[in-house]
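Spelled out from the first residue to the last, the chains are:
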Amino acid sequence: MTIVRCPLQVTQQLEFRRTTRLLKDEMAIRQRTEASLRRTNRVLTDLAQHESMYLGDLGSALSVIASSAVSALEVESATIRLLDVDRNRLEVVHRHHAPPGRSYATESLSPIDVGRAFGNRSLLRLSRSEVECDDYARERFASLPPEIRSVLDVAVRVGGSVVGLVSLKTTNAARTWSLEDETIGVMLSAMVALTLETAERTETAEQLRQAKIVIERSPTILFRWRPEPGWPVELVSDNVVQLGYSPSLFLSGELLFADIVHPEDLDRVAAEVKAYLDSGTDRFMQEYRIICGDGRIAWLEDHTVVDRDEDGRVTSLQGILMDVSERKAAERDLARATLEAARRE
């Protein structure tokens, strides 16, 4: 018995097959995409578990990134270069190889040459078979052993400038760097940039902490006053506590600087300041007594710098104050001893 299909049935059957094939292809693409996302997320998760990634430990962080690159992308070697400002070269700061322990001789690269080769691109795919037609590729492969057949270089950029390079190397000449490979490479490059910025912030924070310690231990106290009655304080260094006062007392306006100047010296100091300002002087030095928070009297040597606007009006006074009480006491003792010696003669 022969089954005769009408044209409509044939068309529907072909359409069904085509639709089924498209659905299978779409499902395969979706599965590959999901697998790629899982792989990328796994790399990110692994990196996030290492404290060095966000504690500013640059060396350990770069080691983790390079190791992750070799593992995630199944390459023979991952190399991270960073800019050496003094030499203006991109120098190798970390390598990771599979198997561990293998090393390749590597030349330093000029960031100018690298920047020119990359242009606005984030990565370059290099093949030894195409080395003759690419100056950058020729320079790169010249420093690598012959078994390295393919390289994926990913630029590390900070502020738009190339400051480093993540290089992934494989012996597989037929390897085509997939979009997933490139995505992970760019992600690792971004992690290097983030690590650099974190390390820089950590270093800056440590420098600020050390500077604060130096200031707090320094006998020199910094003030900035407004040129108004009583000399209101706009800024004061934390080590003003050496005089028995907290910075907040001055900054809140609760305490004016004139309030701590010894009453016997206040009129003289005010008259001297007025004379200096009226004469157009930009720098002057004074010595006067203050009453400390604990009631003791201290001598200060005050070096003041005058800030003026374009019209010559005084906008603020900045003072560098030093407690010279011991020097004053020594001067008094010397004067007393000199006087007694003169009397004995």
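Residues numbered from 1 in each chain as written. Predicted model: local features only at pLDDT ≥ 70, side-chain atom pairs only at ≥ 80, totals over all residues. Heavy atoms only, no water.

**Digging into the sheet that holds strand 10 (residues 314-323)**
Right, on to step 1. Ordered in space as 7-6-10-9-8, the five strands form an open sheet in which the pairing is antiparallel. On the outer flanks of this sheet lie strand 7 (233-236) and strand 8 (283-291), each paired with one strand and no other. Taken over all neighbouring pairs, the strand axes of this sheet differ in orientation by 25° on average, direction set aside.
Right, on to step 2. The strands that helix 7 (residues 263-278) touches are strand 8, strand 9 (297-308) and strand 10; relative to strand 8, the one it contacts most, it runs at about 165°.
Right, on to step 3. Here helix 8 (residues 325-344) sits on the sheet in contact with strand 8, strand 9 and strand 10, set at roughly 125° to strand 9. (Pairing = 2+ DSSP bridges. Helix = DSSP H or I, 4+ residues; strand = E, 2+ residues; numbered from the N terminus. Axes fitted to C-alpha atoms, helices over the stretch in contact; angles between N-to-C directions. Contact = heavy atoms within 4.5 Å.)

**Regarding unusual backbone geometry**
Right, on to step 1. In this structure, Trp-231 is a non-glycine residue whose phi angle is positive, near 55°.
Right, on to step 2. Within the secondary structure, Trp-231 sits in the loop between strand 6 (220-225) and strand 7.

**Some details on the pattern of salt bridges**
Right, on to step 1. Under the counting rule described, the total for this entry stands at 18 salt bridges.
Right, on to step 2. The salt bridge involving Arg-313 is made with Asp-309; its shortest N-O contact spans 3.3 Å.
Right, on to step 3. Of the residues examined, Arg-313 reaches a relative accessible area of 52% and is grouped as exposed.
Right, on to step 4. Among the ionic contacts, a cluster of salt bridges with common partners joins Glu-264, Asp-265, Arg-268, Glu-272 and Arg-289. (Salt bridge = Lys/Arg side-chain N within 4 Å of Asp/Glu carboxyl O. Buried < 20%, exposed > 50% of the residue type's maximum accessible area, 1.4 Å probe, protein only.)

**A word on the layout of surface pockets**
Right, on to step 1. Of the voids in this model, the largest pocket is the one considered here, and its volume is about 280 Å³.
Right, on to step 2. Going through the elements one at a time, strand 1 (77-84) and helix 5 (179-217) are the ones with two or more residues in the lining of the largest pocket.
Right, on to step 3. When residues of the lining of the largest pocket are assigned to their parent elements, the largest contribution, five residues, is made by helix 5.
Right, on to step 4. Each residue belonging to the lining of the largest pocket can be placed in one class, and the counts come to eight nonpolar, no polar and three charged. (1 Å grid on protein atoms, 1.4 Å probe; cavity = no way out; pocket = protein on both sides within 12 Å on 5 of 7 lines; lining within 4 Å. Points joined across faces, edges and corners; volume = space filled by probe spheres on them. Nonpolar A, V, L, I, M, F, W, Y, C, P; charged D, E, K, R; others polar.)

**Some remarks on helix 7**
Right, on to step 1. Over its 16 residues, helix 7 runs 23 Å from end to end, which matches the ideal 22 Å to within 8%, given 1.5 Å per residue.
Right, on to step 2. Those residues of helix 7 that fall on the buried side of the exposure criterion are Asp-265, Val-269, Val-273 and Leu-277. The buried side chains of helix 7 occupy one side of the element, clustering within an arc of 95° when seen end-on. Facing away from the buried side of helix 7 by more than 90 degrees, the exposed set consists of Glu-264, Asp-267, Lys-274 and Asp-278. (Expected span 1.5 Å × (residues − 1). Arc of directions from axis to C-beta.)

**Section: the environment of Leu-124**
Right, on to step 1. For Leu-124, the position within the fold is in strand 3 (residues 123-127).
Right, on to step 2. Remark: the alpha-carbon pair of Leu-124 and Ala-155, spanning 31 residues in sequence, is separated by 8.5 Å.
Right, on to step 3. If we ignore the near neighbours within four places in the chain, the residues touching Leu-124 are Ala-117, Phe-118, Tyr-136, Val-151, Leu-152 and Asp-153.

**Description of the packing of aromatic side chains**
Right, on to step 1. Applying the stated rule across the entire model yields seven aromatic pairs.
Right, on to step 2. Residues Phe-257 and Tyr-288 carry aromatic rings whose centres are separated by 6.4 Å and whose planes lie at 85° to one another, so their mutual orientation is edge-to-face. With Phe-257 in the loop between helix 6 (247-251) and helix 7 and Tyr-288 in strand 8, the pair connects residues that are 31 residues apart, well separated along the chain. The pair formed by Phe-257 and Tyr-288 is uniform in burial state, with each residue classed as buried.
Right, on to step 3. Their ring planes at 10° and their centres at 4.4 Å tell us that Tyr-276 and Phe-284 sit as a pair that is stacked.
Right, on to step 4. Accessibility expressed as a relative area gives 7% for Phe-284, which makes it buried. (Phe/Tyr/Trp six-rings, centres within 6.5 Å; stacked < 30°, edge-to-face > 60°.)

**Some remarks on helix 4 (residues 135-142)**
Right, on to step 1. All buried positions along helix 4 are accounted for by Tyr-136, Ala-137, Arg-140 and Phe-141. All buried residues of helix 4 project into a common sector of 120° when viewed along the axis, lining one side. Turned more than 90 degrees away from the buried face of helix 4, the exposed residues are Asp-135 and Ala-142.

**Some words on a nonpolar patch on the surface**
Right, on to step 1. A cluster of nonpolar side chains, Leu-222, Leu-235 and Ile-320, forms an exposed patch at the surface whose accessible area comes to about 230 Å².
Right, on to step 2. You can see Leu-222 is positioned in strand 6. (Patch = residues over 30% accessible without salt bridge, like charges linked within 9 Å, V, L, I, M, F, W, Y side chains within 5 Å. Areas by Shrake-Rupley, 256 points an atom, 1.4 Å probe, with all protein chains shown as cover.)

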